[in-house]
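Structural overview
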Amino acid sequence: METVLVVGAGQSGFGVATSLRDKGFDGRVVLIGDEPGLPYQRPPLSKGYLAGTAGDAQLRLRAEDFFAEKDIELIAGRVASVDRDGGKVVLEDGTAHQYDHLVLATGAGNRVLSVPGSTLDGVFTLRTKDDADVLRAALASAKNVVVVGGGFIGLEFAAHAGRPVTIVEAQERLMARVATPEVSAYFAALHEGAGHAVLLGQGVAALHGDGRVAEVELSDGTRLPADLVLVGVGVEPRTRLAEEAGLAVANGVVVDEHLRTSDPKISAVGDCANFPCVQAGTATRLESVQNAVDQARAAAAAIAGEPAPYDSLPWFWTDQLGAKLQIAGILTGAEKTVVTGDREGGKFSVLSFRDGVLTGVESVNRPPDHIAARRLFAADPAPRFETLEANGFDLKATLASTRG
């Protein structure tokens, strides 16, 4: 019986296992996760779960009986190595598991804040349910909270912390890696309006305290009082297994359009995979639920004998302080932006163009714009600046016009 072994029981690994069954694969499907318990989703950890409005049941991707019904074997353990010649993985406890096809869904790990004092008590990161449990308990008694990093995780934590916090961001604007300046400015004002201090263009030089953090020293010498520090300075793909197995690695595990690595018996999906992105026109690694889910389906289809090039449209979202930001497409390399809607009223979209073609749309509290953008991007080719301009940059009107 053919065996597909999936390393990593997060969104993408779970998706590969379930999609294989959906595709009629009748061999063994084994899902190995390095955390105990059932596979769960991570996005609520920095939102409802942190705030106490979502519990364990809302985190689980499926109930326990689902895995029995689908005949998906769950194994809790850390994989120590991949033996490509022997077609097996070896866990840290020494047990070995054979595979005919291996899928690496190892995700990404938090970047470390490499400054003096980063290991003091009271300094946290947020990636796992255990992280969220410890952080939530500490937050209940914290008086001075500092968030290092103004990306999605740091800002979502700030939005759900239930108290004013200080946000320290080394770049000159929030969410600089994923949002346009227009959207960055809106969310900075939103957080400031909620009572948060937003410090831009400031790095962290050191953390101070006697066993427990008491101050955050900034790059300009300013010291902020802090008894809880959340570090959210990005992630790095978990590629150790791939590297040690001799697979091609460059900002993630390198895969082709079918999500296969340099070894045709091994695929990689999700946050750890560096794939040829049609929309970006270059090799790209994306950190999103959409990418994890869609790549899982594509990899499973290829394993099940139905390969098709992966070309799904990237899209992302974040919820902060009553504002929902939805992003469709790729913003990197944009040469022109157009704002449409009511920015002051908190309902607007930003359209990004590269080489005169629409490449990305950010929508704040305008779900219909997001839906229209995704449908426009599904068209071939994507609309040009002139087409949108002729429709007053109204995405829904442009969509209607393209449908004749």
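Residues numbered from 1 in each chain as written. Predicted model: local features only at pLDDT ≥ 70, side-chain atom pairs only at ≥ 80, totals over all residues. Heavy atoms only, no water.

This part takes up the overall build of the chain. Secondary structure summary: the chain contains 12 helices and 26 strands in total. In terms of overall dimensions, the chain is globule-like: its C-alpha atoms have a radius of gyration of 22 Å, near the 22 Å expected for 404 residues. With the principal axes as the frame, the chain shows a C-alpha extent of 65 × 60 × 35 Å. Across the 404 residues of the chain, 49% fall into the buried class. Pairs at least 24 residues apart make up 59% of the contacts formed inside the chain by residues separated by at least 6 positions. For the chain, the exposed area adds up to about 17600 Å²; of that, 48% sits on carbon and sulfur atoms. (Helix = DSSP H or I, 4+ residues; strand = E, 2+ residues; numbered from the N terminus. Rg over C-alpha atoms; globule rule 2.2 N^0.38 Å. Buried < 20%, exposed > 50% of the residue type's maximum accessible area, 1.4 Å probe, protein only. Contact = heavy atoms within 4.5 Å. Areas by Shrake-Rupley, 256 points an atom, 1.4 Å probe, with all protein chains shown as cover.)

Mapped onto the present numbering, the UniProt feature "domain: Reductase C-terminal" (unreviewed entry) falls on residues 315–398. With 26% helix and 43% strand, the stretch residues 315–398 has end C-alpha atoms that lie 20 Å from each other. (UniProt positions renumbered as here; feature names shortened; annotations may be inferred.)

Glancing now at the sheet that holds strand β18 (residues 253–254). In a beta sheet, neighbouring strands pair by backbone hydrogen bonds and run either parallel or antiparallel. Ordered in space as β18-β20-β21, the three strands form an open sheet in which the pairing is mixed. Bordering the open sheet on either side are β18 and β21 (282–284), each of which pairs with just one other strand. (Pairing = 2+ DSSP bridges.)

What follows covers the pairing of strand β25 (residues 347–354). The buried fraction of β25 is high, at seven of eight residues. Taking the residues that link successive antiparallel strands as the turn, the strand β24 (residues 336–342)-β25 hairpin has four residues, and the phi of Gly346 there is positive, at about 75°. Pairing of β25 with strand β26 (residues 357–364), which is carried by seven bridges, proceeds in the antiparallel orientation. The partner of Phe353 across the bridge, within β26, is Leu358.

Moving on: helix α9 (residues 289–303). Its 15 residues give α9 an end-to-end C-alpha distance of 21 Å, which sits within 8% of 21 Å, the value for a rise of 1.5 Å per residue. With 12 of its 15 residues buried, α9 lies for the most part within the structure. Turning to α9, its buried residues are Gln290, Asn291, Ala292, Asp294, Gln295, Ala296, Ala298, Ala299, Ala300, Ala301, Ala302 and Ile303. Packing partners of the buried residues in α9 comprise β1 (3–7), α1 (11–22), β7 (101–104), β20 (273–277) and β22 (315–320). Two to three positions downstream of the cap, the backbone nitrogen of Asn291 sits 3.0 Å from a side-chain oxygen, assigning the N-cap of α9 to Ser288. (Expected span 1.5 Å × (residues − 1). Polar contact = N/O pair within 3.5 Å; in protein donor to acceptor, adjacent residues only side chain to side chain.)

Okay, the pattern of salt bridges next. Tallied over the full model, the rule gives 24 salt bridges. A salt bridge links Arg42 to Glu35, with the shortest nitrogen-to-oxygen separation between them at 3.4 Å. Between Arg297 and Asp294 there is a salt bridge; the shortest N-O distance is 3.4 Å. Linking Arg297 with Asp294, this pair stays in helix α9, spanning three residues, or about one helical turn. (Salt bridge = Lys/Arg side-chain N within 4 Å of Asp/Glu carboxyl O.)

Before going further, it helps to spend a moment on unusual backbone geometry. Even without a glycine there, the phi angle at Asn251 is positive, about 50°. As for its position among the elements, Asn251 is in the loop between α8 (240–244) and β18. Although it is not a glycine, Leu259 sits at a positive phi angle of roughly 70°. Among the secondary structure elements, Leu259 is positioned in the loop between β18 and β19 (266–268).

Restricting attention to buried positions, one finds in helix α6 (residues 152–160) the residues Gly154, Leu155, Glu156, Phe157, Ala158 and Ala159. Note on α6: the residue one or two positions beyond its end, Gly162, has a positive phi of about 80°.

UniProt's entry tags residues 3–296 with the feature "domain: FAD/NAD(P)-binding" (unreviewed entry), counted in the numbering of this structure. The span residues 3–296 carries 24% helix and 28% strand; its end-to-end C-alpha distance comes to 17 Å.

Attention now moves to the packing of α1 against α9. Contact pair α1 / α9: the axes reach a minimum separation of 8 Å and the direction vectors enclose 35°. Considering the relative orientation of α1 and α9, their crossing is right-handed. Contact residues: α1 offers Gln11, Ser12, Gly15, Val16, Ser19 and Leu20, while α9 offers Val289, Ala292, Val293, Ala296, Arg297, Ala300 and Ile303. Its residues assigned to classes, the contact of α1 with α9 shows eight nonpolar, four polar and one charged. (Axes fitted to C-alpha atoms, helices over the stretch in contact; angles between N-to-C directions. Left-handed = near helix turned anticlockwise from the far one by under 90°. Nonpolar A, V, L, I, M, F, W, Y, C, P; charged D, E, K, R; others polar.)

A separate point is the domain arrangement of the chain. Parsing the chain into structural domains produces domain 1 (3–109 + 235–304), domain 2 (123–231) and domain 3 (322–402). Each of domain 1 and domain 2 has a C-alpha centre, and the two are 30 Å apart. Listed per partner, the contact involves 17 residues of domain 1 and 13 residues of domain 2. Across the domain 1/domain 2 interface, buried area totals approximately 1400 Å², and carbon plus sulfur atoms make up 56% of it. Remark: the boundary between domain 1 and domain 2 carries four salt bridges. Across the contact surface, domain 1 and domain 2 share 11 residue pairs in polar contact (both at pLDDT 80 or more). (Domains from an automatic or database assignment. Buried area = accessible area lost by both parts, 1.4 Å probe.)

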